[in-house]
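Listed below are the residues making up each chain.
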Amino acid sequence: MKLIEARDYEEMSQLAAGLIIGEINEFPTMTLGLATGATPVGTYRALIQDYQHNRTSYSRVTTFNLDEYVGLHPTHPNSYHYYMKEKLFDHIDIPSHRIHIPDGMADVLEQECQRYEGSIEESGGIDLQLLGIGSNGHIGFNEPGTPFDKATHVVELTPSTREANRRYFNGLSEVPTHAITMGIGTIMKSKKIILLASGLKKARIVHQLLFGEVDNNVPASILKEHSHVWVIADQEALRYAKS
Ligand code: GLP
């Protein structure tokens, strides 16, 4: 893992966007893995600004999102479909047929997981995957204890993850109990990975990620075994790592 230190959230976002834009310029037909949550919003904003000023084109880029809640329609404001449209896709020139997000409304969720994993393979795999990190170390929605070799699957969200995401909903009872997520096996097959971490509430897990052992209870720790990972963290997220 290569650590890139950023001053603050804005610099972290600019650095991440710079890496992504560099890859797109070099490989215009690349497959990009995308994340949701609060952390990548600034990165997406920087990609949109770059698109407006420099016209970096996404017309031949293919995207796969990490995860989606089960039971939320794509038009639901808390679905990750909605988030991606609002935060990125509506503002760049990516054709809709190149966008892939798991269908949390599928009748047979297991089939949807297999279909999604198959689409990733058909596209030749993910060239660059963007990740956030949950404060319990989850990546995508792979919660602590998830086997490291899993493909796309249905997960039951832990109470701490539902609690962390409750701020977007009208109360805990509205937060979905399940999600579809790329597995850690899927994520580890990506050729390159960028993991973003910002803010004090990520300081404990970033310390563990940088200095701890590979541990099944810290899903992100497996990234230590990947050959090409950039961790871009701001000073608050690095608070314990530097003391
Ligand atoms: C969510 C998402 C993850 C995200 C994480 C951190 O549960 N499924 O992909 O990385 O939580 O979110 P945030 O960036 O809001 O801290």
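Described below are features of the structure shown in this document. (Residues numbered from 1 in each chain as written. Predicted model: local features only at pLDDT ≥ 70, side-chain atom pairs only at ≥ 80, totals over all residues. Heavy atoms only, no water.)

### Quick notes on the overall build of the protein chain
- Looking only at helices and strands, one finds seven helices and ten strands in the protein chain.
- Relative to a compact globule of 243 residues, whose C-alpha radius of gyration would be 18 Å, the protein chain shows 17 Å and is just as compact.
- Dimensions along the principal axes, computed over C-alpha positions, put the protein chain at roughly 45 × 45 × 35 Å.
- For the protein chain, buried positions account for 53% of its 243 residues.
- For the protein chain, the share of sequence-separated contacts (at least 6 apart) that also reach a separation of at least 24 residues comes to 80%.
- When the accessible area of the protein chain is evaluated, it comes to approximately 10,800 Å², of which 50% is carbon and sulfur surface. (Helix = DSSP H or I, 4+ residues; strand = E, 2+ residues; numbered from the N terminus. Rg over C-alpha atoms; globule rule 2.2 N^0.38 Å. Buried < 20%, exposed > 50% of the residue type's maximum accessible area, 1.4 Å probe, protein only. Contact = heavy atoms within 4.5 Å. Areas by Shrake-Rupley, 256 points an atom, 1.4 Å probe, with all protein chains shown as cover.)

### Things to note about the site of the ligand
- In the vicinity of the ligand lie 14 residues, with Ala38, Thr39, Asp67, Phe141 and Lys202 positioned nearest.
- The contact in question runs from an oxygen atom of the ligand to an N or O atom on the side chain of Thr39, over 2.4 Å.
- The contact in question runs from an oxygen atom of the ligand to an N or O atom on the side chain of Arg167, over 3.3 Å.
- Within the complex, the protein chains bury 96% of what would otherwise be the 390 Å² of accessible surface of the ligand.
- Among the residues making up the shell around the ligand, the classes are represented as five nonpolar, six polar and three charged. (Near = heavy atom within 4 Å. Polar contact = N/O pair within 3.5 Å; in protein donor to acceptor, adjacent residues only side chain to side chain. Nonpolar A, V, L, I, M, F, W, Y, C, P; charged D, E, K, R; others polar.)

Geometric values such as these leave the question of function open.
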